[in-house]
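So you can see what is in the structure, the chains are spelled out below.
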Amino acid sequence: MKDSTPRSIRLADYRPPPYLIDHVSLRFDLRETGTRVFSFMRLRRNPASEVTESLLLHGEGLDLQWLAIDSMRLGENEYRVDSEGLHLPAPPEQFELSSEVIIAPEANTALEGLYRSGGMFCTQCEAEGFRRITWFLDRPDVMTVFDVRIEADRERYPVLLSNGNPGATGELPDGRHFAEWHDPHPKPCYLFALVAGDLKHIEERFTTASGREVRLRIHVEPHNIDKCEHAMRSLVAAMRWDEEHYGREYDLDVFNIVAVDDFNMGAMENKGLNVFNSKYVLARPDTATDADFQGIEGVVAHEYFHNWTGNRITCRDWFQLSLKEGLTVYRDQEFSADMGSRPVKRIEDVRLLRTHQFAEDAGPMAHPVRPQSYIEINNFYTLTVYEKGAEVVRMQARLLGPKRFREAMDRYFERFDGQAVTTDDFVACMEAASGRDLGQFRHWYDYAGTPVLHIQDSYDARKRRYTLKIRQEVPDTPGQHDKPPFHIPFAIGLLDGEGRDIPLRYGEIDSDGGSLLLELREREEVFVFDDIEERPVPSLLRGFSAPVKIDYDWNEEQLLHLMAYDSDGFNRWDAGQTLLRQVILRMVAQRQEGASMSVPEALIGALRTALFDEQAEQALIAEVLTLPAIGYLGDFMAVVDVDGLHAAREHLKRTVAAALREDLLMRYEQLRETGEYRIEAAAIGRRRLKNTLLSWLASLENDDAVFQLLLDQYGAQHNMTDVMAALSLIADSGRPEREDILADFARRWATEPLVMDKWFSVQAMAVRPDTLAQVRALMDHPAFSLTNPNRVRALIGAFVNGNPVGFHAADGNGYAFLAEQVLALDPLNPQIAARLARALARWRRYDEQRQQHAQEALRRMISAGVSRDVYEIASRSLEEDAE
Ligand code: B3K
Ligand code: ZN
């Protein structure tokens, strides 16, 4: 083990910080090799702490030059430095600590702390990166006022940025210059940021609701200056939206965004200086797809919204991460729903949750929204903390209703502004505003696992009575068994034979003509509805009112009825998905028995009806025509049969496409792009539908007319969405033109790394026998680099997570490849290595032979002596109790 034996950090061990740091002044002397950091900070004993022994200031890899308390240099026997940091044996009640350290950003490939990306300096401090910059109490409940002075070569680093508002600037000897920054808002050090580089910017002025003038700037490398507009539009829209929906205004004179090429995740909400992965800033219609544009809008908003939910009110400790992340994801989801199509956004979010978070919640890494322990906090920036966390906020909003929820949020901002708090504090505001007891609801924060609702219904024609019996089960997860029942908001409707909602009443609750919001609290509950004239078709969990699984024995007729008539758009879509799932799983079983796979006529008819639905948004039709992912379907099998699932999906596509070929072609022609590219909901929906139809058609492998459509759409080069839709289908084909088209794309975009990422991904995701060999070969391509996380995700990540057939190949070569790459990456960037390693977490779901190969790969990682990050993932994946 590189780090001795990794130690678990536990929520139960939380203690307030022994000292507080009221103020810090930092001076950075940025150099190509060896950067000096001078720090002057005022500390005082925390009245809320009982600890009186020595003080530990976190620090890692700092080359200490000198240290002084109240201007008195300390001798070497007056302090101690170890792998955790700086220990001061008996510091005064109040003192100023000053120090100078040398750090090496030029050698920092982990991309945590201060590092180089391209020609610039930048930082990433969340969660614990600040300790790689200088000594500090690197924990979120220590909030400090920061003053920063940056000194650097004027020519190479004309732009010098930090948090807060700009102060003095000026010249220094030797061609150097400086800039000072003052951030009046006390903040935890994880929100510190610094950027220095040769950057160009676009600028906008924003006047807040109360009249404050804010200067907005987006800084990029000069050649990217023509790709910033969409990010700026998104920022302005987000600022307005937060004022209108939450009454939250921006609170500094400037707001800066910087795009950085080497970045471990999407972006970072540093106070007043958001640092972004360039993937979430740069976009032009010819370089970015609709999904990229929407990703930018969502991430720009997410980081901006953190200014209130995260920065002004932050987390007491990292176990409370969902306090800021779940809430901010909920806010950005609602923003995007308002900007585009609300039903489509909901479907996309639920698809992500079901496909990936449910898998996490059912595997060895399962953890509650508020985890109880971790080895490496960076491993807990998970779908559970983010996406399930957002669902937990959404359920509270639903239970309270819009008015009470807004009151609760107002109360939260009022009560906790400037503080570091807990998820309990948040729920307490919900309780206070609504007068409701959310004690049982808190289980959502404390227990892992996706609850399952086992539902049975019956209809008594004589009594005109319909009965729903619901039993909830929360599965065991590692370290958590026999969980109590949850408080679950459960929205339902009952459809009559004509497809209309039957008006419902249950006790005090009225369905308002449509849905009824039931609240489940018991392990088993029975709901009785009287005066029901005929056996209804139940529409369950409308709008996905809770992140649960439904176990109900649907028949085909019911699903077709819901697909056609449900007044809840989400459930109309979901009925189609359930039907598709049933059909595909049945086909897999047929294939396993050596029988031929059959596609029911009724399904083909329903898809045809959906195709010509005049009422529905085009994007929604596209969603209906999108097959459930292999990863999601696998969860419904005792042993995942990847090849069977792939074969069944393909066969289904081919059968439907053959039956509906003329209809698909006609609709495709109608939807072809003619005018100017527009990035707005209706146009995005149209492209989405058109390209979905194209993918159905492309399953007709020997159809030359269809293949010509792919070539034409690629050749038209109308916009990147259409180009990529065609390219990925071409890359997936066995046609001879494939190589020329791929080469053409690479020629066009050789100098645009983010576009080359798309080229890497389509090849890595192609289902072809030679894909793994191709991926290996592409690792030698000049555009690839193991030190850039985007490249790694685009090539290795796309193969491992986006190509189930290739990755889970029975010979184990995919798993061995993963182990090899994790071990190559780990010394460079443990966070990225650990992310990749997760792909093996659910190895127990596969057959014996694959299990053997997966275990070998995981053991190989552990025995190689890996980082804490990878160790935690690999060792938990192998634990007995894991699944
Ligand atoms: N808060 C950051 C994530 C930091 C991840 C550190 N490993 C981005 C976000 O969620 O907005
Ligand atoms: Zn966030």
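All figures in this text were calculated on a predicted structure; none of them were measured in a lab. (Residues numbered from 1 in each chain as written. Chains lettered and ligands numbered in written order. Predicted model: local features only at pLDDT ≥ 70, side-chain atom pairs only at ≥ 80, totals over all residues. Heavy atoms only, no water.)

Let's talk about the overall build of the protein
Secondary structure summary: the protein contains 26 helices and 33 strands in total. In terms of overall dimensions, the protein has C-alpha extents of about 90 × 65 × 60 Å along its principal axes. At a minimum sequence separation of 6, the contacts of the protein that also span at least 24 residues come to 71%. Total accessible area on the protein stands at roughly 33700 Å², and carbon and sulfur atoms take up 48% of it. Treating the 102 positive side-chain charges of the protein as one cloud and the 141 negative ones as another, the clouds have centres 1 Å apart. (Helix = DSSP H or I, 4+ residues; strand = E, 2+ residues; numbered from the N terminus. Contact = heavy atoms within 4.5 Å. Areas by Shrake-Rupley, 256 points an atom, 1.4 Å probe, with all protein chains shown as cover. Lys, Arg positive; Asp, Glu negative; His and termini not counted. Charge placed at Lys NZ, Arg CZ, Asp CG, Glu CD.)

Concerning the domain arrangement of the protein
In terms of domains, the protein is made up of domain 1 (9-288), domain 2 (314-446) and domain 3 (452-553). The centre of domain 2, based on its C-alpha atoms, is set 24 Å off from the matching centre of domain 3. In this complex, domain 2 contributes 21 residues to the contact, which on the side of domain 3 involves 21 residues. Inspection of the region where domain 2 meets domain 3 yields one salt bridge. Arg436 is the partner of Glu519 in a salt bridge, and the nearest nitrogen-oxygen pair spans 2.5 Å. The interface formed by domain 2 and domain 3 includes eight residue pairs in polar contact (both at pLDDT 80 or more). Listed by contribution, the elements that provide at least two residues to the side of domain 2 that touches domain 3 are α4 (342-361), α5 (383-416) and α7 (443-446). Per-element accounting of the side of domain 2 that touches domain 3 gives the leading share, six residues, to α4. For the side of domain 2 that touches domain 3, the residue count by class is 10 nonpolar, four polar and seven charged. (Domains from an automatic or database assignment. Salt bridge = Lys/Arg side-chain N within 4 Å of Asp/Glu carboxyl O. Polar contact = N/O pair within 3.5 Å; in protein donor to acceptor, adjacent residues only side chain to side chain. Nonpolar A, V, L, I, M, F, W, Y, C, P; charged D, E, K, R; others polar.)

Notes on the sheet that holds strand β25 (residues 452-460)
Overall, mixed pairing links the four strands, which are arranged β31-β26-β25-β33 in an open sheet. At either margin of the open sheet sits one strand with a lone partner, and together these are β31 (524-529) and β33 (549-551). Mean inter-strand twist for the sheet, computed between neighbouring axes without regard to direction, equals 25 degrees. Bridge analysis of β25 against strand β26 (residues 465-473) gives nine bridges, and the strand direction is antiparallel. Bridge pairing in β26 links Asp460 to Arg465. (Pairing = 2+ DSSP bridges. Axes fitted to C-alpha atoms, helices over the stretch in contact; angles between N-to-C directions.)

Re the coordination of the zinc ion (ligand 2)
Bound to the zinc ion (ligand 2) on the protein side are His302 (NE2), His306 (NE2) and Glu325 (OE), at distances that span 1.9 to 2.1 Å. Spacing between the donor residues of the zinc ion (ligand 2) along their common chain follows H-x3-H-x18-E. (Donors = N, O, S within 2.8 Å, 3.2 Å for Na, K, Ca; no water.)

A short note on the environment of Ala231
For Ala231, the location among the structural elements is in helix α1 (residues 229-246). For Ala231, a relative accessible area of 0% corresponds to the buried category. Sequence-wise, Ala231 and Lys187 are 44 residues apart; in three dimensions their C-alpha atoms are separated by 26 Å. (Buried < 20%, exposed > 50% of the residue type's maximum accessible area, 1.4 Å probe, protein only.)

Some remarks on the site of ligand 1
Every one of the 15 residues lining ligand 1 counts as a neighbour, but Glu126, Glu269, Glu303, Asn378 and Tyr386 are closest to it. Take Glu269: an N or O atom from its side chain is 2.8 Å from a nitrogen atom of ligand 1. Glu303 is positioned with one of its side-chain polar atoms (N or O) 2.8 Å from an oxygen atom of ligand 1. Summarising the interface, the protein chains cover 94% of the accessible area of ligand 1, which totals 340 Å² for the free molecule. (Near = heavy atom within 4 Å.)

Observations concerning the packing of helix α2 (residues 290-305) against helix α3 (residues 321-339)
Relative orientation of the contacting elements α2 and α3 amounts to 135 degrees, with a least axis distance of 9 Å. With respect to each other, α2 and α3 are oriented oblique. Read as a crossing pair, α2 and α3 show a hand that is right-handed. Between α2 and α3, the contacting residues are Glu297, Gly298, Ala301, His302 and Phe305 on the first element and Glu325, Thr328, Val329, Arg331, Asp332, Phe335, Ser336 and Met339 on the second. Looking at the contact of α2 with α3 residue by residue, the class counts come to five nonpolar, four polar and four charged. (Parallel < 35°, antiparallel > 145°, perpendicular 65-115°, else oblique. Left-handed = near helix turned anticlockwise from the far one by under 90°.)

Digging into α2
Its 16 residues give α2 an end-to-end C-alpha distance of 22 Å, which sits within 8% of 22 Å, the value for a rise of 1.5 Å per residue. Among the 16 residues in α2, 13 count as buried, and that is most of the element. (Expected span 1.5 Å × (residues − 1).)

Focus on the packing of aromatic side chains
For any pair of aromatic rings, the description consists of the separation of the ring centres together with the inter-plane angle of the planes. Evaluated as defined, the whole model comprises 38 aromatic pairs. Ring centres 5.9 Å apart and planes at 25 degrees place the aromatic pair Phe146 and Phe192 in the stacked group. Pair noted here: Phe146 is in strand β12 (residues 144-153) and Phe192 is in the loop between β15 (176-187) and β16 (194-197), with a separation of 46 residues, a long-range link. Of the residues examined, Phe146 reaches a relative accessible area of 1% and is grouped as buried. Ring geometry for Tyr552 versus Trp554: centroids 4.5 Å apart, planes at 75 degrees, classification edge-to-face. Neither residue differs from the other here; Tyr552 and Trp554 are each classed as buried. By the ring-pair criterion, three or more aromatic residues cluster together here, those being Trp241, Tyr246, Tyr250, Phe255, Tyr304, Phe305 and Phe335. The side chain of Arg27 reaches across the aromatic face of Phe38, ending 4.1 Å from its centre. When the ring centre of Trp308 is taken as reference, the NZ or CZ atom of Arg248 above it lies at 4.5 Å. (Phe/Tyr/Trp six-rings, centres within 6.5 Å; stacked < 30°, edge-to-face > 60°. Lys NZ or Arg CZ within 6 Å of the ring centre and 35° of its normal.)

A few points about the pattern of salt bridges
Under the counting rule described, the total for this entry stands at 83 salt bridges. We note a salt bridge from Glu112 to Arg132, for which the minimum N-O separation is 3.3 Å. Here Glu112 is found in the loop between β9 (94-103) and β10 (113-117), whereas its partner Arg132 is found in the loop between β11 (120-124) and β12, with 20 residues between them in sequence. The class for Glu112 is buried, based on a relative accessible area of 7%.

Structural notes on unusual backbone geometry
For the bond from Glu126 to Ala127, the omega torsion is 0 degrees, close enough to zero to count as cis. Positive phi values are uncommon outside glycine, yet Asp531 reaches one of about 60 degrees. Along the chain, Asp531 turns up in the loop between β31 and β32 (537-539). Even without a glycine there, the phi angle at Phe544 is positive, about 55 degrees. One can find Phe544 in the loop between β32 and β33. Its relative accessible area of 1% is what places Phe544 among the buried residues.

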